[in-house]
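Coordinates in review
Chain by chain, the residues:
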Amino acid sequence: MIDHAKAERLIAGRLSPRRCEHSRRVAAEAAELARRFGASPEAAEIAGLLHDYCRDLTDAETLAAAARYGVAVGPLEARRPKHILHGPIAAAELSAAGLDADIVSAIARHTTGGPGMTVLEKCLYLADFCEPGRQFAGLDEVRALSDTSLDAAVAAAARMSLLDLIGRGRGVVPDALALYNETHAGN
Ligand SMILES: [Fe+2]
Ligand SMILES: [Fe+2]
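As a further point, take the overall build of the protein chain. Helix and strand counts for the protein chain stand at eleven helices and zero strands. Over its C-alpha trace the protein chain gives a radius of gyration of 15 Å, about what one expects of a compact globule, namely 16 Å for 187 residues. In terms of overall dimensions, the protein chain has C-alpha extents of about 40 × 35 × 30 Å along its principal axes. Counting only residues that meet the buried cut, the protein chain has 47% of its 187 residues in that class. In the protein chain, the share of contacts with a sequence separation of at least 24, taken over all contacts with a separation of at least 6, comes to 61%.

Set out below in structure tokens:
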């Protein structure tokens, strides 16, 4: 069992002050979204605090951890290991440390999203996208949608993420594409 105080100790012992601040803003945003849309605010807060627990590992350390925990490494993950795999690696490590399964799965999917996400998973995905420290074109639209509709906001975030990746000529992992397709199924 990992409570709020333990989560704070874990990130303070490993992440830079800047990333700790980001994690606390994500925690506050995720808790607020959870209250609004019917997930556990306490679980969302811990998910936010811990979501980037493995973000400061090097690519080599990330790949070593993936091998240790049996996390799958596809062609895109092999090209950008720490960016794509820091969520799944953190999820595996924290699961072994006793973190609740619903929080583990939210952390695992926070970067790419995926199909069939739970409310808690959506709250963390969106909180990481929208936290007040972020600023980029189109973000205000996602924030406005998140006032009233979790699914509409997640759909917009998934679309913007894909457009950004494609605009940079980067690959899109299957889970991100599946989230986009699922959230735009009516179009
Ligand atoms: Fe992250
Ligand atoms: Fe993050």
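Having seen the model, we can carry on.
Turning to the coordination of the iron ion (ligand 2), a few remarks are in order. In this structure, His22 (NE2), His51 (NE2), Asp52 (OD) and Asp128 (OD) serve as the protein donors to the iron ion (ligand 2), at separations of 2.2 to 2.3 Å. If you look at the iron ion (ligand 2), its four donor atoms make angles of 83 to 174° with each other, and the shape they trace is irregular. Mapping the donors of the iron ion (ligand 2) onto the primary sequence yields the spacing H-x28-H-D-x75-D. The metal-metal distance between the iron ion (ligand 2) and the iron ion (ligand 1) is 3.5 Å, with aspartate 52 coordinating both. Here aspartate 52, found in the loop between helix H3 (41–50) and helix H4 (59–69), pairs with aspartate 128, found in helix H8 (residues 119–130); they are 76 residues apart in sequence, far enough to count as distant. For the pair aspartate 52 and aspartate 128, a shared accessibility class is recorded, and that class is buried.

At this site the iron ion (ligand 1) is bound by Asp52 (OD), His86 (NE2) and His110 (NE2), with donor distances of 2.1 Å. The sequence pattern formed by the donor residues of the iron ion (ligand 1) is D-x33-H-x23-H.

We describe a pair of aromatic rings using the distance from one ring centre to the other and the angle between the two ring planes. Counted by the stated rule, this structure contains one aromatic pair. Ring plane angle 90° and centroid distance 5.4 Å describe the contact between phenylalanine 129 and phenylalanine 136, whose orientation is recorded as edge-to-face. Note on phenylalanine 129: relative accessible area 13%, which makes it buried. The aromatic ring of tyrosine 53 is capped on one face by arginine 14, whose charged end is 3.9 Å from the ring centroid.

Moving on to the packing of helix H2 (residues 17–37) against H8. Packing of H2 against H8 leaves a shortest axis separation of 8 Å and a crossing angle of 135°. With respect to H8, the axis of H2 lies oblique. Viewed along their axes, H2 and H8 form a crossing whose handedness is right-handed. Contacts from His22, Val26, Glu29, Ala30, Leu33, Ala34 and Phe37 of H2 reach H8 at Val119, Cys123, Leu124, Leu126, Ala127, Asp128 and Cys130. Among the residues forming the contact of H2 with H8, the class breakdown is eleven nonpolar, one polar and two charged.

Thresholds, definitions, all that
Throughout this document, residue positions are counted from 1 along each chain, in the order its sequence is written. For naming, the first written chain is A and the first written ligand is 1, with later ones following in the order written. Only residues with pLDDT of at least 70 get local features here, since the model is predicted, and only at 80 or more are side-chain atom pairs given and counted; chain-wide, interface and lining totals rely on the full set of residues. Note that the side-chain values use all heavy atoms of the structure and ignore hydrogens as well as water. Numbering goes from the N terminus for both helices and strands, where a helix is a DSSP run of H or I of at least four residues and a strand is a run of E of at least two. Both definitions apply: the radius of gyration is a C-alpha atom measure, and the globule rule equals 2.2 Å times residues to the power 0.38. A 1.4 Å probe rolled over the protein chains alone gives each residue an accessible area, and that area as a share of the maximum for its type sets the label: buried under 20%, exposed over 50%, partly exposed in between. Throughout, a residue-residue contact means that at least one pair of heavy atoms, one from each residue, lies within 4.5 Å. Only nitrogen, oxygen and sulfur atoms count as donors, using a 2.8 Å cut-off from the metal that widens to 3.2 Å for Na, K and Ca. Water is left out, so coordination shells may look unfilled. Geometry is assigned from donor-metal-donor angles: four donors are tetrahedral when every angle falls between 85 and 135 degrees, four are square planar and six octahedral when opposite donors sit over 155 degrees apart with all other angles between 65 and 115, and any other arrangement is irregular. Ring pairs are drawn from Phe, Tyr and Trp, using the six-membered ring of Trp, whenever the two centres fall within 6.5 Å, and their geometry is named by plane angle: stacked under 30 degrees, edge-to-face over 60, tilted for the rest. Any Lys NZ or Arg CZ that is within 6 Å of a ring centre and within 35 degrees of that ring's normal is treated as a charge sitting over the ring. For helices, the fitted line uses only the C-alpha atoms of the stretch in contact; every axis is such a line through C-alpha atoms, and the angle between N-to-C directions lies from 0 to 180 degrees. Any angle from 65 to 115 degrees is called roughly perpendicular, while one under 35 is roughly parallel, one over 145 is roughly antiparallel, and all others are oblique. For any pair of crossing helices, the crossing counts as left-handed if the nearer helix is rotated counterclockwise from the farther one by less than a right angle, and right-handed if it is rotated clockwise. Polarity classes work like this: nonpolar for Ala, Val, Leu, Ile, Met, Phe, Trp, Tyr, Cys and Pro, charged for Asp, Glu, Lys and Arg, and polar for all others, with Gly in that last group.

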